[in-house]
Amino acid sequence: MSDTSPVFVYALLTALATGLGAIPFFFVRTISERFVAYSEAVAAGLMLGASFGLVAEGTAYGSGETLLGGLLGVGFILVTQRILRDQDGQELVFEAARGDGAKRMLLMVVVMTVHSFAEGVAVGVSFGGGVTLGAVITIAIAIHNIPEGVAISAVLRPEGVPASRCALWSIFSSLPQPLMAVPAFLFVETFRVALPYGLGFAAGAMVFMVLVELLPEAYKHGERAQVATLATVSAVGMVLFQQWL
Amino acid sequence: MTGLEPLAAVLFFSSLAALAAALGAAPLVLGVPPARRVIGWANALAGGLMIGVAYTLLQEGLDGALIAGGFGTLVGVVFVRGTHTATGTGELDLERPEGAGPDYSYKALLVDSLHAADEGVAIGVAMAVSLPLGIAMAATLAVHNVPEAMVLNSVLTSRGMKPFQSSFLSVVVNVNQVLLAVVTFTLIGLWPWLLPWVAGFAVGALIYRTLVELLPESYRQAGQTSIAVVTLLAMGVVVLLAGVAT
């Protein structure tokens, strides 16, 4: 008999760790044009790097399935964008922002939350083969989540969201991870089939978000060379960090 | 197996990739100059392929040597930024040739020949990892060279150059690619510890170049959504191709 309560507790800790990503943003007092650009560039890089990891894991289960999942992820963002746009003349409001800024933040929270579903399944499936979710692995996943909290906060903070709220939204976005890890842990065989689609879906949604919202926004507010440098270094840094874990 | 055979393969496939640039003149030869939006998509296609290539090198080229890969990446970024600053091509606007200085065409050629350098390194690294991966990389870059040459051709002909000359030049700027593919492959053969450093260099240079040159331009030429879709599809194709090759 497998005991699932430690799995849940460990996984919950990993979600809380995402909130730590907001810490650097407590030190940001004034929000300048440049801060907006470079913050979005870092978020774009981190998400691109994270999606590389998702694709690598997904293609290990099946390349075609991962790519199909990726296309569904793109479709999902396109539909969500349309829904957020059609507000019957009412302007979208999220936290303190309205209009485009509110749309971008809401999309970001939605994308990162959806991505946590896939990651939760991945965690559950990879430890479902009889291995218990031990402390070492929990710490690894928790650390893995911190840069994701940085990415979310980097999109929310420039819109004037207080750092404490950034931390809450970061934790919120990771909650599906423990919720999905437990069933995936118990019903490995069923979930394993869906895993490459899920990972591809998450990667497709994240990369599309980067290309359609974050990068254009960063170019609009900052210098090209700085945006490109920050995004490149964040992306490769994220990949190396995940390979190290 | 003689020692020459793998090197001959590198030479052969990287030359094919370089020659593919000649196809970029097709719209001009056929007398249909590409629309602004199409050039945007061509840039996005080229950029998506680059990011896909970087993904493949990160998965296959590092082999656990993360610090070497990280340093290599930084060197790649610094290299491209440095060459931009040194040659004054950092803010080169390939979209608005009208009113640019007389050295505009030279700068456009210079940008593309510098670009071909990191691509050559990427082919050399991939060939050093395995022949199938090297062939997949050369095929990706061959496809990448077509839209790149298409953009260069339209820049050069807008400055009064004949299509025949511009298509010739767009192939010639890729000679670097062949040369650096062979050099990189040979050096890694001699000193295998170089692999993660060089792979990191190629990754840093390719991602940085895509983000600083190709994407910002393409966003202005076509809308954000279509650019995002084209870029993402191009990345997906490379991931699929690399999956088959490894």
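Above this text sits the structure in question.
Now for a quick tour of the structure. Note that the structure is predicted; figures quoted are calculated from it, not measured.

1. Brief notes about the overall build of chain B
Right, on to step 1. Each helix and strand in chain B was counted, giving 10 helices and 0 strands.
Right, on to step 2. Overall, chain B shows an N-to-C arrangement of helices and strands of α-α-α-α-α-α-α-α-α-α.
Right, on to step 3. Here the C-alpha atoms of chain B give a radius of gyration of 17 Å, agreeing with the 18 Å that 2.2 N^0.38 yields for 246 residues.
Right, on to step 4. Of all 246 residues assigned to chain B, the portion counted as buried reaches 57%.
Right, on to step 5. Across chain B, contacts joining residues at least 24 apart in sequence account for 84% of those joining residues at least 6 apart.
Right, on to step 6. Total accessible area on chain B stands at roughly 9900 Å², and carbon and sulfur atoms take up 74% of it.
Right, on to step 7. With 9 positive and 14 negative side-chain charges, chain B shows a separation of 12 Å between the mean positions of the two kinds.

2. Concerning the packing of aromatic side chains
Residues and elements named next belong to chain B.
Right, on to step 1. In this structure the tally under the stated criterion is 9 aromatic pairs over all chains.
Right, on to step 2. When the centroid spacing of 5.4 Å and the interplanar angle of 55° are considered together, the rings of Phe79 and Phe201 count as tilted. Of the two residues, Phe79 is situated in helix 4 (residues 66–87) and Phe201 in helix 9 (residues 195–221); the sequence distance between them amounts to 122 residues.
Right, on to step 3. Judged by relative accessible area, which is 30%, Phe79 ranks as partly exposed.

3. Quick notes on the nonpolar core
Right, on to step 1. Within the largest apolar cluster, 128 residues are counted, with the highest numbers of intra-cluster contacts made by A:Met47, A:Met108, A:Leu214, A:Leu215 and B:Leu57.
Right, on to step 2. With 18 residues, the top contributor of residues to this core is helix 8 (residues 188–221) of chain A.
Right, on to step 3. In this structure A:Leu215 touches A:Ala44, A:Val210, B:Leu211, B:Leu215 and B:Tyr219, once residues within four positions along its chain are discounted.
Right, on to step 4. Counting residues in hydrophobic clusters, the runner-up holds 6 residues, among them B:Leu109, B:Val155, B:Leu156 and B:Val173.

4. Section: the interface of chain B and chain A
Right, on to step 1. Contacts between the two partners involve 38 residues from chain B, matched on the other side by 32 residues from chain A.
Right, on to step 2. The three residues of chain B that bury the most area against chain A are B:Leu66, B:Leu211 and B:Leu232, which together make up 18% of that side's buried surface.
Right, on to step 3. Viewed at the interface, chain A and chain B are joined by 0 salt bridges.
Right, on to step 4. Across the side of chain B that touches chain A, the residue classes break down as 23 nonpolar, 11 polar and 4 charged.

5. Things to note about the pattern of salt bridges
Right, on to step 1. Scanning all chains against the criterion turns up 7 salt bridges over all chains.
Right, on to step 2. One salt bridge in this structure joins A:Lys220 and A:Glu217, with 3.4 Å as the shortest N-O distance. With A:Lys220 and A:Glu217 both in helix 8 and 3 residues apart, this pair spans about one turn of that helix.
Right, on to step 3. Assessed through its relative accessible area of 9%, A:Glu217 is described here as buried.
Right, on to step 4. Put simply, B:Asp118 and B:Arg209 hold a salt bridge, and the shortest N to O gap is 2.7 Å. Residue B:Asp118 is located in helix 5 (residues 104–129), and its partner B:Arg209 is located in helix 9; the two are separated by 91 residues in the primary sequence.

6. Re helix 8 of chain A
Right, on to step 1. Along its 34 residues, helix 8 of chain A runs 46 Å from first to last C-alpha, staying within 8% of the 50 Å computed at 1.5 Å per residue.
Right, on to step 2. Roughly 45° is the biggest bend found in helix 8 of chain A, and it falls at A:Ala194, with proline A:Pro196 one to four residues downstream.

7. Remarks on the side chain of A:Ser153
Right, on to step 1. Following the sequence through the fold, A:Ser153 ends up in helix 5 (residues 135–156).
Right, on to step 2. Beyond its immediate sequence surroundings of up to four residues, A:Ser153 is in contact with A:Gly21, A:Ala22, A:Phe25, A:Pro158, A:Cys166 and A:Ser170.

8. Quick notes on the packing of helix 2 (residues 33–61) of chain A against helix 9 (residues 224–244) of chain A
Residues and elements named next belong to chain A.
Right, on to step 1. Two numbers describe how helix 2 lies on helix 9: the axes approach to 7 Å, and their chain directions differ by 35°. In this structure, the crossing between helix 2 and helix 9 has a hand that is right-handed. Contacts between helix 2 and helix 9 involve Tyr38, Ala41, Val42, Gly45, Leu46, Leu48, Gly49, Ala50, Phe52 and Gly53 from the first element and Gln226, Val227, Leu230, Ala231, Ser234, Ala235, Met238, Val239 and Gln242 from the second.
Right, on to step 2. Looking at the contact of helix 2 with helix 9, its residues break down into 13 nonpolar, 6 polar and no charged.

9. Comments concerning helix 7 (residues 176–186) of chain A
For an α-helix, the turn length of 3.6 residues means that residues three or four places apart are oriented alike.
Right, on to step 1. When you tally the buried positions in helix 7 of chain A, you get 8 out of 11 residues, the bulk of the element.
Right, on to step 2. Within the sequence span of helix 7 of chain A, burial applies to A:Pro176, A:Gln177, A:Pro178, A:Met180, A:Ala181, A:Val182, A:Ala184 and A:Phe185.

10. Overview of the side chain of A:Ser39
All names here are of chain A.
Right, on to step 1. When you line up the elements, Ser39 lands in helix 2.
Right, on to step 2. For Ser39, a relative accessible area of 6% translates into the label buried.
Right, on to step 3. When residues no more than four places from it in sequence are discounted, the contact partners of Ser39 are Phe25, Ala154 and Pro158.

Reading the values: the criteria
- Residues numbered from 1 in each chain as written.
- Chains lettered and ligands numbered in written order.
- Predicted model: local features only at pLDDT ≥ 70, side-chain atom pairs only at ≥ 80, totals over all residues.
- Heavy atoms only, no water.
- Helix = DSSP H or I, 4+ residues; strand = E, 2+ residues; numbered from the N terminus.
- Rg over C-alpha atoms; globule rule 2.2 N^0.38 Å.
- Buried < 20%, exposed > 50% of the residue type's maximum accessible area, 1.4 Å probe, protein only.
- Contact = heavy atoms within 4.5 Å.
- Areas by Shrake-Rupley, 256 points an atom, 1.4 Å probe, with all protein chains shown as cover.
- Lys, Arg positive; Asp, Glu negative; His and termini not counted.
- Charge placed at Lys NZ, Arg CZ, Asp CG, Glu CD.
- Phe/Tyr/Trp six-rings, centres within 6.5 Å; stacked < 30°, edge-to-face > 60°.
- Core = buried A, V, L, I, M, F, W, Y, C linked by side-chain atoms within 4.5 Å.
- Buried area = accessible area lost by both parts, 1.4 Å probe.
- Salt bridge = Lys/Arg side-chain N within 4 Å of Asp/Glu carboxyl O.
- Nonpolar A, V, L, I, M, F, W, Y, C, P; charged D, E, K, R; others polar.
- Expected span 1.5 Å × (residues − 1).
- Bend = angle between axes of the 7 residues up to and from the residue.
- Axes fitted to C-alpha atoms, helices over the stretch in contact; angles between N-to-C directions.
- Left-handed = near helix turned anticlockwise from the far one by under 90°.

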